[in-house]
Amino acid sequence: MEKKSWKESYSELQRIVLPGDTNVFDSLYGGRLVEWIDNVASIVAMKHSRKRTVTGSIDNLFFLSPIRMGYIVYMKGRINFTTRTTMEIEVDVESEEGITGTRRFTTKAYLTYVAIDADGRPIECPELLLETDDDKRRFEEASVRSINRKALLNKIRDKVKSEQGSD
Ligand SMILES: CC(C)(COP(=O)(O)OP(=O)(O)OC[C@H]1O[C@@H](n2cnc3c(N)ncnc32)[C@H](O)[C@@H]1OP(=O)(O)O)[C@@H](O)C(=O)NCCC(=O)NCCS
């Protein structure tokens, strides 16, 4: 399968925080931000693979600064890494105070998508073309995260199996 550059799937999403997006303190509800992050990342995964994809996992998310009602939210999604059937997408989130233009970094998310066939079974996705030192650095760092993620996934699967077995 032909290798593809991250540039072919890079995607951005912008939103303004409306009253329906906020918590009781007039800040962006965390679940809404996760939805937007998943949205932009799934666009990247679909453009890279040109296949059906599902979200497999979202790594830890730390929200570093509150995003108030009326702020503009910028989300930038980029693919870092692939395995045979999975893609790691990194999403950077910044907020901007609309009147002053002050920007703040809010969070960085790593999501893993799995390419699937019509029956929901994992299938191959294109490899990533590594053209620059930055591409290679991102790939190497992501491969470490992938190993840790798989170890955690297997641990959770084993735990679920043993709990279901003990019913
Ligand atoms: C993700 C899913 C397709 C994996 O199917 P599966 O038959 O269990 O897949 P496998 O165990 O053969 O794993 C295939 C690959 O996906 C990876 N993978 C599987 N489940 C994963 C998960 N939850 N998170 C991250 N990676 C995952 C495996 O490590 C493997 O990677 P590899 O290609 O590097 O070897 C399946 O578990 C699923 O459909 N989950 C629900 C997805 C969903 O509905 N998401 C929406 C949010 S609820």
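Structural notes, computed from the coordinates. It should be emphasised that the depicted structure is a prediction, and the values quoted were computed from it without experimental measurement.

This next bit is on a nonpolar patch on the surface. Where nonpolar side chains cluster on the molecular surface, the patch consists of Phe62, Leu64 and Phe105 and spans about 350 Å² of accessible area. Tracing the sequence through the fold places Leu64 in the loop between strand E2 (52–58) and strand E3 (72–82). Among the residues examined, Leu64 registers a relative accessible area of 61% and is labelled exposed.

What follows deals with helix H2 (residues 133–165). Spanning 33 residues, H2 covers 48 Å between terminal C-alpha atoms, matching the ideal 48 Å at 1.5 Å per step. The complete set of buried residues in H2 reads Asp135, Arg138, Ala142, Arg145, Ser146 and Arg149. Lining the buried residues of H2 we find E2, E3, strand E4 (86–96) and strand E5 (103–116).

Pairing within the open sheet is antiparallel, and its 5 strands lie in the order E1-E3-E4-E5-E2. Lying at the two open borders of the sheet, with one neighbouring strand each, are strand E1 (11–16) and E2. Strand-to-strand twist across the sheet, computed as the mean angle between neighbouring axes with direction ignored, equals 30 degrees. Where E1 and E3 come together, 6 bridges link them in antiparallel fashion. In the sheet register, Leu13 faces E3, and the bridge partner there is Met75. Along the sheet, H2 makes contact with E2, E3, E4 and E5, crossing E3 at roughly 85 degrees.

Taken together, 15 residues sit near the ligand, with Thr55, Thr83, Thr85, Lys150 and Arg157 positioned nearest. Within the backbone of Thr55, an N or O atom sits 2.9 Å from a nitrogen atom of the ligand. Residue Lys150 places a side-chain N or O atom 2.7 Å away from an oxygen atom belonging to the ligand. Take the shell around the ligand: its biggest share by element is 4 residues, from E2. Looking at the shell around the ligand residue by residue, the class counts come to 5 nonpolar, 8 polar and 2 charged.

Cut-off values and rules
- Residues numbered from 1 in each chain as written.
- Predicted model: local features only at pLDDT ≥ 70, side-chain atom pairs only at ≥ 80, totals over all residues.
- Heavy atoms only, no water.
- Patch = residues over 30% accessible without salt bridge, like charges linked within 9 Å, V, L, I, M, F, W, Y side chains within 5 Å.
- Areas by Shrake-Rupley, 256 points an atom, 1.4 Å probe, with all protein chains shown as cover.
- Salt bridge = Lys/Arg side-chain N within 4 Å of Asp/Glu carboxyl O.
- Helix = DSSP H or I, 4+ residues; strand = E, 2+ residues; numbered from the N terminus.
- Buried < 20%, exposed > 50% of the residue type's maximum accessible area, 1.4 Å probe, protein only.
- Expected span 1.5 Å × (residues − 1).
- Contact = heavy atoms within 4.5 Å.
- Pairing = 2+ DSSP bridges.
- Axes fitted to C-alpha atoms, helices over the stretch in contact; angles between N-to-C directions.
- Near = heavy atom within 4 Å.
- Polar contact = N/O pair within 3.5 Å; in protein donor to acceptor, adjacent residues only side chain to side chain.
- Nonpolar A, V, L, I, M, F, W, Y, C, P; charged D, E, K, R; others polar.

Everything listed here is a matter of coordinates, which is why it stays silent on function.
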